[in-house]
Amino acid sequence: MTTNRIVESDQMSQESGSDEEQPWIQEYCMMFGHEYFVEVSNEFIEDDFNLTGLSSIVPFYREALDMILDYQPDYQIKSESLPIIHHSAELLYGLIHARYILTKPGLQAMAGKYEKAVFGTCLRVHCEGMYLLPIGRYDQVGIETVRLYCPSCNDIYLPSSSKYLHIDGAFFGTSFAILFVNMFNEIQRRVNLIPKQIFDLKLFGFKINKIAPSGPRMKWLRQYPTNSAEEEELQRCKFEIPTLETESETDVKMGSD
Amino acid sequence: MDKDDSGSDYTEYWIDWFLGMKGNEYFCDIDPEYIRDRLTTLIDIITDVSVIDDSLPEKKRREIEDDCKFLYSLIHSRYILTIKGLSQMYEKYTDSDFGYCPREFCRLQPLLPVGLSDIPNLSTVKLYCPNCEDIYNPKSVRHSRLDGAFFGTSFPAMFFQTYPELIPTHSLNIYTPKMFGFHVHQSAQLTRWRLFQREKQMKELESQDIDIGTSTPGGYK
Ligand SMILES: [Zn+2]
């Protein structure tokens, strides 16, 4: 690590920094469609420990890092590599962001956005406008764009606006939303206040017959135990899915992805 | 009152019968001539037989306009349950005019409008997803203000009974939250229970010889 150079160039940029020049991070977070991002502190980025492993994922790592931190490079950058470095800086920032929001200050910053419903509200009627959290289904970059997690129905949704459909889910990661809910008890308290309702499709006031193709087939998706027998059943689900008596061996998998 | 409150007594006049019903004591007896006049005006405007009289004061014109919209919307909820209305809604559904389910695992399943009540002014329109069988609020504020009664509670069920081939094969996916690679204990337990319910239902349907195969409408994939 060339710590000396960083200190030097930092001083230099502070001296020469004009008033209208916005820091890269601030500008990036204020861009259209970047509303979900919080500003990562320079302090966090300057700690090498927080960047472990990223240099092997991000091309032009050194240049990208200097760009994020507004360091004036003491080396020449070819103009044709600038677009790639710009792209690398966004990639690097996103990956650092995913780590930052798992820290205490990061969680705090995200809480500020959450309280203002910056990530939107759950459109599911029976979630009663519960606030959403950004989530990635994968921690690797380039697989899927950002999704939104609802702490009430425990499900994930597409963002309402297409402006978020190019934001990589890995910039928020798989663990953040769940950690966030665990960190702030208030969210669980809010969820507990929402009545656990299931929608029943009806025809002239009557429920549809179970065996009709249009009959209820997805009740299980939103279901909660409603009587003591079901509560007891839930207790049996602590570590595994109970096997149905009639079946010799049913291999039931958790159907994710 | 000299009439039976239940209104089951045979009465010669509809208005008398209606006014005699319990709970309708506040209504007065409208002159049939007025009703005919008023409705004819609205129906003529809706069907382009005539237009709203320009010489009327602004307030009056707006009142008539609002009445026309209300009458149209009320008739709309009945019309979309008729063969002709259903086929028009079929077109709109296959064009995804009502938007897509926001749920990740519903993979952009087109939605249908539904009301939570058939009585006007009680709740706004919701959108029914035939894949997850749940209801959602419309994304846009404009749509979220529409009265649900203009579509009614029965429309989606009627629609899929008429066009069973449009019922999707339901996605079996369920989201299981993970933190640092591990399942979250509490939610994982509930998810297991839900999967158990799913398993029971599938077994029950199979025991009744119902096809729930991967290419069957109403089946699972
Ligand atoms: Zn759905």
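Up top you'll find the structure we're talking about.
Everything numeric here is computed off the predicted structure, so don't read it as measured data.

A look at the overall build of chain A
At step 1: Scanning chain A from N- to C-terminus turns up nine helices and five strands.
At step 2: N-terminal to C-terminal, the α/β element order of chain A is α-α-α-α-α-α-β-β-β-α-α-β-β-α.
At step 3: Long-range contacts, defined as pairs at least 24 residues apart, comprise 62% of the intrachain contacts of chain A with a sequence gap of at least 6.
At step 4: Split by element, the accessible area of chain A, about 13700 Å² in all, is 52% carbon and sulfur.

A few points about the overall build of chain B
At step 1: The helix and strand tally for chain B stands at seven helices and five strands.
At step 2: The secondary structure elements of chain B, listed N-terminal to C-terminal, are α-α-α-α-β-β-β-α-α-β-β-α.
At step 3: Taken against the 2.2 N^0.38 rule, which gives 17 Å for 221 residues, the C-alpha radius of gyration of chain B at 24 Å runs more than 25% over that of a compact globule.
At step 4: Projected onto its principal axes, the C-alpha positions of chain B cover 70 × 45 × 35 Å.
At step 5: Taking all 221 residues of chain B together, 43% fall into the buried category.
At step 6: Within chain B, counting contacts between residues at least 6 apart in sequence, those at least 24 apart form 50% of the total.
At step 7: Approximately 12900 Å² of chain B is accessible, and the part contributed by carbon and sulfur atoms is 56%.

Things to note about the pattern of salt bridges
Close approach of charged atoms lets side chains of opposite charge pair.
At step 1: The tally for this structure, following the rule as stated, stands at 23 salt bridges over all chains.
At step 2: For the salt bridge of A:Arg137 with B:Glu104, the shortest nitrogen-to-oxygen distance reads 3.0 Å. Here A:Arg137 is found in the loop between strand S1 (133-135) and strand S2 (147-150), whereas its partner B:Glu104 is found in the loop between helix H4 (83-94) and strand S1 (112-114) on a different chain. Across this residue pair, the class does not change: A:Arg137 and B:Glu104 are buried.
At step 3: Ionic pairing is found between B:Glu104 and A:Arg147, a salt bridge with its closest N-O pair at 2.3 Å. Taken together, the positions of B:Glu104 in the loop between H4 and S1 and A:Arg147 in strand S2 put the pair across two chains. This pair shows no difference in class: B:Glu104 is buried, exactly as A:Arg147 is.

Details of empty space enclosed by the protein
At step 1: If you walk through the whole model with that rule in mind, you get four cavities of 30 Å³ or more.
At step 2: Lining the largest cavity are A:Arg124, A:His126, A:Ser152, A:Cys153, A:Ile194, A:Pro195, A:Lys196, A:Gln197, A:Leu221, A:Arg222, A:Tyr224 and B:Arg194.
At step 3: Here the residues of the lining of the largest cavity are counted per class, giving five nonpolar, three polar and four charged.
At step 4: The calculated volume of the second largest cavity comes to roughly 70 Å³.
At step 5: Together, A:Cys153, A:Asn154, A:Asp155, A:Leu221, A:Arg222, B:Ile174, B:Tyr175, B:Ser187, B:Leu190, B:Thr191 and B:Arg194 line the second largest cavity.

What counts, and at which threshold
Residues numbered from 1 in each chain as written. Chains lettered and ligands numbered in written order. Predicted model: local features only at pLDDT ≥ 70, side-chain atom pairs only at ≥ 80, totals over all residues. Heavy atoms only, no water. Helix = DSSP H or I, 4+ residues; strand = E, 2+ residues; numbered from the N terminus. Contact = heavy atoms within 4.5 Å. Areas by Shrake-Rupley, 256 points an atom, 1.4 Å probe, with all protein chains shown as cover. Rg over C-alpha atoms; globule rule 2.2 N^0.38 Å. Buried < 20%, exposed > 50% of the residue type's maximum accessible area, 1.4 Å probe, protein only. Salt bridge = Lys/Arg side-chain N within 4 Å of Asp/Glu carboxyl O. 1 Å grid on protein atoms, 1.4 Å probe; cavity = no way out; pocket = protein on both sides within 12 Å on 5 of 7 lines; lining within 4 Å. Points joined across faces, edges and corners; volume = space filled by probe spheres on them. Nonpolar A, V, L, I, M, F, W, Y, C, P; charged D, E, K, R; others polar.

Spatial relationships are all this shows, so hold off on functional conclusions.
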